[in-house]
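# Notes for the structure review
For reference, the chains in residue letters:
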Amino acid sequence: MIDGNSEWGKLAGHMAIGLAAAYLVSFFYKMIKVRLIFYRLKKQGMPMPPWNPILGHLHVVVGLSRRAPSDMRQADSFGALASHYPELQDGFYLDVWPFGVPMLLVSSLELAVQACQTYDLPKPDVLAPIIGEMAGGPNIFVTNGAEWKRARELFNHGFSMSAVMARIPHIIEEANVFADILREHARKGDTFLLDHVACNYVMDVIGNEALNTRFRYQQGYNPIAASMRDTIQWSQAEAANPFYKFNPVRFFKQWRNSRTMNHYIGIELEKRYQEWLQNRPKPSTRPTRHQSIMDMTIAEYMKTRAAGPKLDPEFKTWATFQIRLFLFVGHDSTAATIIFCLYQLSKHPDILAKVRAEHDEVCGPYSAVELLRQRPVVINQLRYTSAVIKETLRLHPPANGLRDGLPGVVLQGQNGRVFPVEGFAIWNLHGAIQRNANSWPEPGSFIPDRWLVKPGHPLYPPNGGWRPFEHGPRNCVGQNMSLVTIKVTLLMIVREFDIHDQYVEWDRLHPSAGIRTMDGERAYMVQKGSGHPAQGFPCKVLMAS
């Protein structure tokens, strides 16, 4: 028995050595392959930061981390790199293997237009596992070809402007709760994290619009909303520690949250289907209540299917993934934009006064709630408010764009330089594109009037330069919903509340030796799903005088 165990031990040892050797051979083979790609690019004079044949650009990334806040969003760090080196202002290549695939980082609108519109390049495979943590499986955001096209066709009607406008009363319903919470904080005079409150609010909005169910997450616990928020907190996206994704606790949390979301979303989808069965639309009838995104999608899907007693299990699984995606991207980026709008208004009292004057003019003797309930279309009269939102999204885009390079495709910069893309993930740095001094006058200044001037004016925005929702066939299907939600929110709260950030107090209570600003901005963006204000935006709320 002892001899047998000894032989098995030796065999296991040999196998371990063999596996380790195979891994090392594979590791160095891939490293050499990637480094050779960048060596050839460097020999051709292609734009990139200082490159090392052993480390690639890892030393550059480490250097960036020492000159910026440790939790700053990686895309903004790379954008700052582009702005500091004129030769990188169109775009540049980056070698961060083994912590990432070879990348072409785009910082000019010309290259972004070609990648997303001229060539309509597909989404890369590297995006699927990141978004998959939130969505749970294949979804409209990461799929390509016929699969994506069919999904887009199913959802277009549910996200149309007419459908979104019909849901304004339900946005108001949740915004009233949000306003009550702000009133309570104003009464207490406490410091709180606006990011937490805003995310809970918009999660309720998206739950209502996507599933026609009230999560009431602002007032208490909801399993779908809580699981999604926890999943985002444990996401691997842009984690400062590259080994974080192997954390076993993270795996367990993601698994448990996924099961919870799938279970409860499945229940809601079955409710929507049973209601469709009972009230099959006829040409002469109109819905008695608002139609959620999934109400419309189920109806569209069933146009080509025979109705059964329960929702088709395959479609139900697929729809669950899409709902999880909508809950994630819909609430996360919209909430962040609301916060940054309020932040910019607090920094620019003259602009705040103009927004309030517009709201007074539009509302007249009515409260915002009364007016929106009676005439939701007045939301389209908020021209200056819309300009504030667009300028906020220019300076604080919550997300960036990823595309996959294809054989034979090259992008051409403004100076005629060509960028081969085969084998590279193309990362459109929206923050860098929208602050590129070659395209935008006064790129770092908050100037809402640039969205109101006529063509030919020096401030007139460059065509294709504003990309927070991207352009082309793969633009964000939910942009109407996001923009209307933001406008409704601002109309309901801007005249009533003054928001003041409390970063000075926060830093006093949480001292740190690290860097806490980027280009003088304390509310820099961190990655928590999408881009959010640092430390959750500690603030106080006062009732406006």
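For the protein, an unreviewed UniProt entry supplies the name Putative N-alkane-inducible cytochrome P450 and the organism Aspergillus bertholletiae. Per its UniProt entry, the protein bears the Cofactor (unreviewed entry) comment "heme". Turning to the protein, the UniProt record has this under Pathway (unreviewed entry): "Secondary metabolite biosynthesis."

## Details of the overall build of the protein
Counting secondary structure elements, the protein contains 19 helices and 11 strands. Scaling as 2.2 N^0.38, a compact globule of 545 residues should have a C-alpha radius of gyration of about 24 Å, and the protein matches this with 25 Å. Considered along the principal axes of its C-alpha atoms, the protein spans approximately 85 × 60 × 50 Å. By the burial criterion, 52% of the 545 residues in the protein qualify as buried. Contacts spanning at least 24 positions in sequence make up 74% of the contacts within the protein whose residues lie at least 6 apart. Roughly 25,200 Å² of accessible area belongs to the protein as shown, and the carbon and sulfur atoms make up 58% of that amount. Between the centroid of the 59 positive side chains of the protein and the centroid of its 49 negative side chains there is a distance of 2 Å.

## Side note on helix H3 (residues 74-84)
Here H3 lies mainly inside the structure; eight of its 11 residues are buried. Among all positions of H3, only Ala75, Asp76, Ser77, Phe78, Gly79, Ala80, Leu81 and Ala82 are buried. Where the residues of H3 are buried, they touch helix H2 (58-66), strand E1 (91-94), strand E2 (103-106), strand E7 (425-428), helix H17 (430-433) and strand E9 (525-528).

## Looking at unusual backbone geometry
Trans peptide bonds make up the majority, and among non-glycine residues the majority have a negative phi. For the bond from Trp97 to Pro98, the omega torsion is 15°, close enough to zero to count as cis. Note that Pro98 resides in the loop between E1 and E2. One non-glycine residue, Asn212, lies in the positive phi region at around 60°. Structurally, the position occupied by Asn212 is in the loop between helix H9 (194-211) and helix H10 (223-233). In this structure, Phe537 takes a positive phi of about 55° despite not being glycine. Locating Phe537 in the fold gives a position in the loop between strand E10 (530-533) and strand E11 (538-543).

## Re the nonpolar core
Leu194, Met294, Leu327, Leu372, Val488 and Met492 are the most contacted members of the largest nonpolar core, which totals 132 residues. If one sorts the elements of this core by residue count, helix H13 (residues 313-347) sits on top with 15 residues. Excluding anything up to four places from it in sequence, Met294 contacts Phe155, Ala210, Leu211, Leu269, Phe315, Ala319 and Ile323. Among the nonpolar cores identified, the runner-up in size contains 24 residues, and Leu41, Ala115, Leu121 and Val409 belong to it.

## Describing the sheet that holds strand E4 (residues 401-404)
One open sheet accounts for four strands, arranged E1-E2-E7-E4; its pairing is mixed. Either end of the sheet is taken by a strand with one partner, and the two such strands are E1 and E4. Shown here is a sheet whose adjacent strand axes are inclined to one another by a mean of 25°, direction ignored. Strands in contact with helix H4 (residues 109-118) are E1, E2, E4 and E7; relative to E7, the strand with the most contacts, it is inclined by about 125°.

## Overview of the UniProt feature "binding site: heme" (unreviewed entry) in the protein
According to UniProt, the "binding site: heme" (unreviewed entry) feature falls on Cys476. As for its position among the elements, Cys476 is in the loop between H17 and helix H18 (479-493).

## A few points about H2
Within H2 the residues assigned to the buried category are Leu58, Val60, Gly63 and Leu64. Residues of H2 that are buried in the fold lie against H3.

## So, the packing of helix H8 (residues 168-188) against H9
Here H8 crosses H9 at 160°, and the two axes come no closer than 9 Å. Comparing the axis directions of H8 and H9 gives the class roughly antiparallel. Both H8 and H9 take part in a crossing whose hand is right-handed. Where H8 approaches H9, its residues His170, Ile171, Glu173, Glu174, Ala175, Phe178, Ile181, Leu182 and His185 are matched on the opposing element by Leu194, Val197, Ala198, Tyr201, Asp204, Val205, Asn208 and Glu209. Tallied by class, the residues present in the contact of H8 with H9 amount to 10 nonpolar, three polar and four charged.

## So, the pairing of E10
As defined by bridge partners, E9 adjoins E10 across four bridges and the pair is classed as antiparallel. Pairing of Met525 across the sheet is with Pro533, part of E10. Once E9 ends, the chain turns through one residue before running back antiparallel as E10, passing Gly529 with a positive phi of about 90°.

## Overview of the pattern of salt bridges
All told, the structure shown has 27 salt bridges when counted by the stated rule. Arg272 is paired through a salt bridge with Asp295; the nearest N and O atoms lie 3.3 Å apart. Of this pair, Arg272 sits in helix H11 (residues 248-278) while Asp295 sits in helix H12 (residues 293-301), and the two are 23 residues apart along the sequence. The class for Arg272 is buried, based on a relative accessible area of 8%. Owing to a relative accessible area of 7%, Asp295 belongs among the buried residues under this scheme. One network of salt bridges, with partners in common, ties together Glu268, Lys271, Arg272, Glu275 and Asp295.

## Topic: the packing of aromatic side chains
According to the stated counting rule, one finds 21 aromatic pairs in the structure shown. On the basis of an interplanar angle of 85° and a centroid distance of 5.9 Å, the ring pair of Phe78 and Trp427 is categorised as edge-to-face. Here Trp427 lies in strand E7 and Phe78 lies in helix H3, a separation of 349 residues in the sequence. For the pair formed by Phe78 and Trp427, the shared burial category is buried. Taking 4.5 Å as the distance between ring centres and 0° as the angle between the ring planes, the aromatic pair formed by Phe178 and Tyr201 counts as stacked. Note that Phe178 is positioned in helix H8 and Tyr201 in helix H9, a separation of 23 residues in sequence. Residue Phe178 is classed as buried on the basis of its relative accessible area, which comes to 1%. Its relative accessible area of 0% is what places Tyr201 among the buried residues. Clustering of aromatic rings is evident, with ring pairs tying together Phe155, Phe159, Tyr301, Phe315, Trp318 and Phe326. Lying over the aromatic face of Phe251, Arg250 brings its terminal NZ or CZ to 5.3 Å of the ring centre.

Conventions we followed
Residues numbered from 1 in each chain as written. Predicted model: local features only at pLDDT ≥ 70, side-chain atom pairs only at ≥ 80, totals over all residues. Heavy atoms only, no water. UniProt positions renumbered as here; feature names shortened; annotations may be inferred. Helix = DSSP H or I, 4+ residues; strand = E, 2+ residues; numbered from the N terminus. Rg over C-alpha atoms; globule rule 2.2 N^0.38 Å. Buried < 20%, exposed > 50% of the residue type's maximum accessible area, 1.4 Å probe, protein only. Contact = heavy atoms within 4.5 Å. Areas by Shrake-Rupley, 256 points an atom, 1.4 Å probe, with all protein chains shown as cover. Lys, Arg positive; Asp, Glu negative; His and termini not counted. Charge placed at Lys NZ, Arg CZ, Asp CG, Glu CD. Core = buried A, V, L, I, M, F, W, Y, C linked by side-chain atoms within 4.5 Å. Pairing = 2+ DSSP bridges. Axes fitted to C-alpha atoms, helices over the stretch in contact; angles between N-to-C directions. Parallel < 35°, antiparallel > 145°, perpendicular 65-115°, else oblique. Left-handed = near helix turned anticlockwise from the far one by under 90°. Nonpolar A, V, L, I, M, F, W, Y, C, P; charged D, E, K, R; others polar. Salt bridge = Lys/Arg side-chain N within 4 Å of Asp/Glu carboxyl O. Phe/Tyr/Trp six-rings, centres within 6.5 Å; stacked < 30°, edge-to-face > 60°. Lys NZ or Arg CZ within 6 Å of the ring centre and 35° of its normal.

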